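Each chain, written out:
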Amino acid sequence: MTARARRAGPHGRTAAGVPRWAVWAAYATSLTALPAGLWRILSVDFRVPLMEVAPDADPPPAWFGGEWWYVIALSAVSEALAFLAVGLVSEWGERWPRGIPRLGGRRIPILAAVVPAGLGATVNTLLWPYAMTMISLGHKVDGSGDAGFGTHGWREAVFYGAYWPLAAWGPLLGILTVHYYRRRRAAESVGTEPVMTGQCQGDRQPSRMMRAGHTVKTPR
């Protein structure tokens with residue numbers, strides 16, 4: 001079953017030719033970083049006892065200090081990067097938003113989206129499954145020594161429940177990237193990749209051909 005091109009959702013309008021499974025996979029990808037970010041903010045910044053702290057451990061970061069904001073910024077950036085996967089199934093992942101000067105409304109080149117998405121998928125696939133496997137076995141990420149995490153019992157379950165979803169980030173993003181590339185290349189090959197000529201010339205209204213429901217082939 002294919003999602004309609006103009007159907008709007010929390011991510012905006014779904015791009016033409018995107019099946020429902022891809023939309024749900026994009027949502028899932030965008031949420032892989034959220035539990036870990038919440039865990040960091042709650043345990044480090046807000047002192048929620050999700051870790052067992054030794055008496056001689058370093059104190060938590062000062063309220064609203066530099067380290068305090070760093071934890072929030074790290075979590076926010078991680079979630080923003082994960083959310084970019086939604087662009088692979090949305091119209092805003094195929095055309096620059098109208099508010100961007102000189103680029104608004106223009107088609108995003110396929111490789112401009114596929115190359116960074118592919119690199120992100122590769123890095124996350126190589127990093128998180130391996131890192132979480134090492135930590136689950138009680139080792140550091142490099143495989144040596146004790147990981148040193150103060151989590152046991154329910155705290156350990158919460159920690160792994162928050163961080164293991166990161167292992168799915170890379171594989172899900174890789175699947176979406178391949179689908180995005182194949183879908184847009186197929187649309188170009190048959191001449192169904194829409195071109196909003198009016199927007200490319202600075203006009204915010206689609207051309208007459210587009211309003212009439214016609215499409216023209218995109219020049220490569």
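**Regarding the confidence of the model for the protein chain**
Here comes step 1: For the protein chain, per-residue confidence averages 82 on the pLDDT scale, and residues scoring 70 or more make up 77% of the total.
Here comes step 2: Per-residue pLDDT stays below 50 along residues 1-5; that stretch engages in 17 contacts with residues further than four places along the chain or on separate chains.
Here comes step 3: In the model, residues 196-220 has pLDDT below 50 throughout and makes 41 contacts with residues more than four positions away in sequence or in other chains.

**Here's the deal with the packing of helix H4 (residues 110-136) against helix H5 (residues 154-163)**
Here comes step 1: Two elements in contact, H4 and H5, have axes separated by 11 Å at closest approach and are oriented at 170°. When the axes of H4 and H5 are compared, the pair comes out roughly antiparallel. Between H4 and H5, the contacting residues are Met132, Ile135 and Ser136 on the first element and Phe159, Tyr160 and Tyr163 on the second.

**Some remarks on a nonpolar patch on the surface**
Here comes step 1: A cluster of nonpolar side chains, Leu31, Leu34, Leu38, Leu42, Phe46, Val48, Trp63, Phe64 and Trp69, forms an exposed patch at the surface whose accessible area comes to about 880 Å².
Here comes step 2: Here the nonpolar patch gets three residues from one element, more than from any other, and that element is helix H2 (residues 34-45).
Here comes step 3: In this fold, Leu34 is placed in helix H2.

**A word on the pattern of salt bridges**
Here comes step 1: With the rule as written, the count across this model stands at three salt bridges.
Here comes step 2: Its salt-bridge partner being Glu188, residue Arg107 comes within 3.1 Å of it at the nearest N-O pair. A residue pair is termed long-range when its members are at least 10 positions apart, and Arg107 in the loop between helix H3 (66-83) and H4 and Glu188 in helix H6 (residues 169-189) qualify at 81 residues.
Here comes step 3: What makes Arg107 partly exposed here is its relative accessible area of 21%.
Here comes step 4: Glu188 is the salt-bridge partner of Arg185, the closest N and O atoms lying 3.6 Å from each other. Here Glu188 and Arg185 lie together in helix H6, a separation of three residues that amounts to about one turn.
Here comes step 5: With relative accessibility at 34%, the residue Arg185 sits in the partly exposed group.
Here comes step 6: Overlapping salt bridges, with partners in common, bring together Arg107, Arg185 and Glu188 in one network.

**Observations concerning the environment of Ile41**
Here comes step 1: Among the secondary structure elements, Ile41 is positioned in helix H2.
Here comes step 2: When the C-alpha positions of Ile41 and Tyr70 are compared, they lie 9.9 Å apart, and in sequence the two are 29 residues distant.
Here comes step 3: For Ile41, the residues in contact, after removing those within four places along its chain, are Phe46, Val71, Ile72 and Ser75.

**Quick word on H5**
Here comes step 1: Listed in full, the buried residues belonging to H5 are Arg155, Phe159, Tyr160, Ala162 and Tyr163. Down the axis of H5, the buried set is contained in an arc of 160°. They therefore lie on one face.
Here comes step 2: Elements in contact with the buried residues of H5: H2 and H4.

**Here's the deal with H6**
Helical geometry note: an α-helix holds 3.6 residues per turn, so side chains three or four residues apart project in the same direction.
Here comes step 1: End to end, H6 covers 30 Å across 21 residues, agreeing with the expected 30 Å (1.5 Å per residue, within 8%).
Here comes step 2: Of the residues making up H6, those classed as buried are Trp169, Gly170, Leu173, Leu176, Thr177, His179, Tyr180, Arg183, Arg184, Ala187 and Glu188.

Rules and cut-offs
- Residue indices follow the written sequence of each chain, beginning from 1 at its first position.
- Two thresholds apply to this predicted model, a pLDDT of at least 70 for residue-level local features and 80 or more for giving and counting side-chain atom pairs, whereas whole-chain, interface and lining totals are computed over all residues.
- Hydrogens and water molecules were not included; the side-chain quantities draw on all heavy atoms of the structure.
- Every residue gets a pLDDT, meaning the predictor's confidence in that residue, from 0 to 100.
- Throughout, a residue-residue contact means that at least one pair of heavy atoms, one from each residue, lies within 4.5 Å.
- Inter-axis angles, ranging from 0 to 180 degrees, are taken between N-to-C directions of lines fitted to C-alpha atoms, where helices are fitted over the stretch in contact.
- For the purposes of this entry, the term helix denotes a DSSP run of H or I that reaches at least four residues, the term strand denotes a run of E that reaches at least two, and both are numbered from the N terminus.
- Angles are sorted into four bins: roughly parallel if under 35 degrees, roughly antiparallel if over 145, roughly perpendicular if 65 to 115, and oblique for all others.
- Patches were defined on residues exceeding 30% relative accessible area and lacking a salt bridge, with like-charge contacts within 9 Å and nonpolar side-chain contacts (Val, Leu, Ile, Met, Phe, Trp, Tyr) within 5 Å.
- Exposure was quantified through the Shrake-Rupley algorithm and a 1.4 Å probe, taking into account, for residues, occlusion by the shown protein chains and nothing else.
- When a carboxyl oxygen of Asp or Glu lies within 4 Å of a side-chain nitrogen of Lys or Arg, that pair is called a salt bridge.
- Burial status follows relative accessibility: with a 1.4 Å probe on protein chains alone, a residue under 20% of its type maximum counts as buried, one over 50% as exposed, and anything between as partly exposed.
- The reported arc concerns the directions from the helix axis to the C-beta atoms and nothing else.
- A helix's residues, less one, multiplied by 1.5 Å, set its expected span.

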